[in-house]
Structures are given as structure tokens and as C-alpha cells.
Amino acid sequence: MTRNSRPVAVFDLDNTLASTAHRQHFLEGRPRDWDGFFAAAPKDPPLPDGITLCREAAVECDIVYLTGRPERCRRDTLDWLAAQGLPDGPVHMRRDRDFRPARQTKLDVLRRLEREREVRMLVDDDELVCDAAEAAGFTVVRARWAAASEALTEAQETEGRT
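Here is what the cut-offs are and how they apply
Residues numbered from 1 in each chain as written. Predicted model: local features only at pLDDT ≥ 70, side-chain atom pairs only at ≥ 80, totals over all residues. Heavy atoms only, no water. 1 Å grid on protein atoms, 1.4 Å probe; cavity = no way out; pocket = protein on both sides within 12 Å on 5 of 7 lines; lining within 4 Å. Points joined across faces, edges and corners; volume = space filled by probe spheres on them. Helix = DSSP H or I, 4+ residues; strand = E, 2+ residues; numbered from the N terminus. Nonpolar A, V, L, I, M, F, W, Y, C, P; charged D, E, K, R; others polar. Buried < 20%, exposed > 50% of the residue type's maximum accessible area, 1.4 Å probe, protein only. Arc of directions from axis to C-beta. Contact = heavy atoms within 4.5 Å. Phe/Tyr/Trp six-rings, centres within 6.5 Å; stacked < 30°, edge-to-face > 60°. Core = buried A, V, L, I, M, F, W, Y, C linked by side-chain atoms within 4.5 Å. Expected span 1.5 Å × (residues − 1). Salt bridge = Lys/Arg side-chain N within 4 Å of Asp/Glu carboxyl O.

Engineer: Would you mind going over the layout of surface pockets in detail, with residue names and values included?
Structural biologist: By volume, the second largest pocket amounts to about 180 Å³. Along its surface, the second largest pocket is lined by 14 residues, and Met93, Arg94, Thr105, Val109 and Arg112 are the ones closest to its centre. Counting residues per element, the ones that place at least two in the lining of the second largest pocket are strand S2 (62–70), strand S3 (91–94) and helix H4 (102–116). Sort the elements by how many residues they give to the lining of the second largest pocket and H4 lands first, with five residues. Within the lining of the second largest pocket, the residues separate by chemical class into three nonpolar, four polar and seven charged.

Engineer: I'd like to hear about the environment of Pro101, residue by residue, with values.
Structural biologist: As for its position among the elements, Pro101 is in the loop between S3 and H4. In this structure the C-alpha to C-alpha distance between Pro101 and Val129, which are 28 residues apart in sequence, comes to 8.9 Å.

Engineer: For unusual backbone geometry, give the residues involved together with the corresponding values.
Structural biologist: At the junction of Arg30 and Pro31, the peptide bond is cis and its omega measures out at -5 degrees in the coordinates. With respect to the helices and strands, Pro31 occurs in the loop between strand S1 (4–11) and helix H1 (34–39). Positive phi, normally seen in glycine, also occurs at Asn15, with a value near 65 degrees. Taking the relative accessible area as the measure of exposure, Asn15 reaches 4% and is therefore buried.

Engineer: Give me helix H3 (residues 74–83): which residues, what numbers.
Structural biologist: Considered for burial, the residues of H3 that qualify are Thr77, Trp80 and Leu81. Buried residues of H3, viewed axially, fall in a sector of 100 degrees; they line one side. The outward face of H3, more than 90 degrees from its buried face, is lined by the exposed residues Arg75, Ala82 and Ala83. On its buried face, H3 sits against helix H2 (48–57), S2 and S3. Downstream of H3 by one or two residues, Gly85 has phi in the positive range, about 70 degrees.

Engineer: Describe in detail the packing of aromatic side chains, supporting the description with residues and values.
Structural biologist: Under the criterion given, the structure shown has three aromatic pairs. Taken together, a centroid distance of 5.8 Å and an interplanar angle of 85 degrees make the contact between Trp34 and Phe37 edge-to-face. Highlighted residues: Trp34 and Phe37, both in helix H1, separated by three residues, approximately one helical turn. Judged by its relative accessible area of 7%, Trp34 is buried. The buried category is assigned to Phe37, whose relative accessible area is 0%. Relative to Phe38, the ring of Phe37 has its centre 5.2 Å away and its plane inclined at 75 degrees; by these criteria the two rings are edge-to-face. Each member of the pair, Phe37 together with Phe38, is buried.

Engineer: Let's hear about the nonpolar core: which residues, and what values?
Structural biologist: Core analysis: the biggest nonpolar cluster contains 25 residues, and Phe11, Leu17, Tyr65, Leu81 and Leu86 have the highest contact counts within it. Discounting chain neighbours no more than four positions away, the residues touching Tyr65 are Phe11, Leu13, Leu17, Cys54, Leu81, Leu86, Pro87, Gly89, Pro90, Val91 and His92. Core analysis: the second largest hydrophobic core is formed by 17 residues, Leu66, Val109, Val129 and Val140 among them.

Engineer: A description of H4 should follow, citing residues and the corresponding values.
Structural biologist: For H4, spanning 15 residues, the distance from its first C-alpha to its last is 22 Å, which sits close to the expected 21 Å at 1.5 Å a residue. Listed as buried for H4 are Ala102, Thr105, Lys106, Leu107, Val109, Leu110 and Leu113.

Engineer: Give a description of the pattern of salt bridges that names residues and reports values.
Structural biologist: Summed over the entire model, instances satisfying the criterion amount to 17 salt bridges. Between Arg100 and Asp108 there is a salt bridge; the shortest N-O distance is 2.7 Å. The partly exposed category is assigned to Arg100, whose relative accessible area is 29%.

The structure is reproduced here in C-alpha cells:
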């Protein structure tokens, strides 16, 4: 199989390109309010460090977005990306009712992408996703420019919700 010559740069959304701080409160109670959490996503402020890195990467790479957001959030996500003036690119989202940990779902997508294209880098805030990607041989940029959320980390890894 011939690989496309232009590499891809893969960007996470939540706490990499978009700040979720204003909607963390939806995850702090029990049960977690997932509908409220995702419904508030269109109001996410952009994270300048992530936005700049994405635009810079687009000079040499095609951009691919890889998020743990469920498929039902696609329209809001595409609208948000467009409103930020970010490069067009495919958006890989979690299938509805897929509750595997983010480190598994995202690594599966990275491996599929790698079969067709050089994956130049993954940019993600989730340390376990970053660790898994590095262990699999991918170049990782750890997005440490947003405040970490214990509730979000737990949700990503134990509930497979984002």
C-alpha cells in the first residue's frame, strides 16, 4: 500500500484546543451530568497554546482531530472548530455507547491512521493516552497548558466517557 506523502498531526480537543473548565462542575456530582457537560461544549473558550500549535502544524501536516467526545456531539464540535478558524480535517469521535478508556480508543485510531499516513505527532492532555501512544512508538506533545481536572481524568479512564 502506498502511503500518502503528507504527514498528519493529530489533536485532541478537550483541554488541548478547548478549555473545559467552565463545565467541569457537571462531572463533580454523582451521578455525573454527561448531558449537561457535553451540551456546554459549544461555549468552550479556545486554549491559545493549542490553537497556535495546531495552526503551525498545518503548515507541514494535514490536521486530524481525535476526541473522546461521543458521536452525538459532532455538529457542535464541527461548529466550534470552524468558529476558531482551525484547519479542516477529519474528526474522529467516540462511538455512542463505547465506554472503553480513552487510551484504548485513541490508540486504535492512531494505529489505523498510521497504516495510511505518517503520524507526525499526537497532541493530547491525557497523560495515560500520551503514555500509551509513546509506548506504541508515536511522537507525543503533552498539552499541559490547561488546568487538570481530576473529575475529567477519572471519567476518561474509568467511565470511558470522553
